[in-house]
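Per-entry structural report
Letter by letter, the chains look like this.
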Amino acid sequence: VCARELAAATEANKRIVPVLRRAVDAASVPPALARPNWILARDDDGRVVFVRGALPGETVHADLVHEKRDWARAHVVGIVDASPDRITPPCASRRAGCGGCGWMHLELQAQRRAKVAIVEEALRRTGGIADPATMLGPGVASEGYRTTARVAAGPNGAAGFRAERSHDVVPAPACLVLHPTLRE
């Protein structure tokens, strides 16, 4: 990242948040998906930053939306260096702003690996298991598996889903993950 980009980003209340490419010493937090669509990283000052929309191994431009002394929250506004696991969400509703399916920008097998990593971290951190023995189980289909959905009526009365972290309704004429019976 060049100094001019960094200065311009700082002036606009944006910071370039490098998502760490490797785990560092035990006192630091390696890049990890903390929950769907959020990654745990550190900024240049060493502070923990929860970055919405980033993936492990990426460098992103992010808006800081909440700051504390020891941690912050940020939202991705631009991707400088994308992860090879990043894909365009296959669902038109997600691309239009639907708030469901928070990992749809992550390739399917990478999603599965990330979920195992989250379970392993929880077993280490809260379960006290130093080296948990985990493995991937059989996967479900990537489409048509969801049997429950929260549908909302938009201003014109059309059915849709809520936008991410909002009460706004996004028209959703087709949801890829809904079971075919619910799509009707």
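Higher on the page you've got the structure.
Only a predicted model underlies this, so the values are computations on that prediction, with no experimental measurement involved. (Residues numbered from 1 in each chain as written. Predicted model: local features only at pLDDT ≥ 70, side-chain atom pairs only at ≥ 80, totals over all residues. Heavy atoms only, no water.)

**Remarks on the packing of aromatic side chains**
Under the criterion given, the structure shown has 1 aromatic pair. Look at F50 and W71: their rings are 6.2 Å apart centre to centre, the planes differ by 75°, and that puts the pair in the edge-to-face class. Of this pair, F50 sits in strand β4 (residues 48-52) while W71 sits in strand β6 (residues 71-81), and the two are 21 residues apart along the sequence. Overall, the relative accessible area of 27% leaves F50 in the partly exposed class. (Phe/Tyr/Trp six-rings, centres within 6.5 Å; stacked < 30°, edge-to-face > 60°. Helix = DSSP H or I, 4+ residues; strand = E, 2+ residues; numbered from the N terminus. Buried < 20%, exposed > 50% of the residue type's maximum accessible area, 1.4 Å probe, protein only.)

**Quick word on the pairing of strand β5 (residues 59-67)**
Bridge count for β5 against β6 is 8 bridges, and the pairing is antiparallel. If you follow D63 over to β6, its bridge partner there is H75. Count of turn residues in the β5/β6 antiparallel hairpin: 3 residues. (Pairing = 2+ DSSP bridges.)

**A look at the side chain of E58**
Position of E58 among the secondary structure elements: in the loop between β4 and β5. From its side chain, E58 meets the backbone nitrogen of L55 in a polar contact 3.0 Å long. Of the polar contacts made by the side chain of E58, one reaches the side chain of R86; its length is 2.7 Å. (Polar contact = N/O pair within 3.5 Å; in protein donor to acceptor, adjacent residues only side chain to side chain.)

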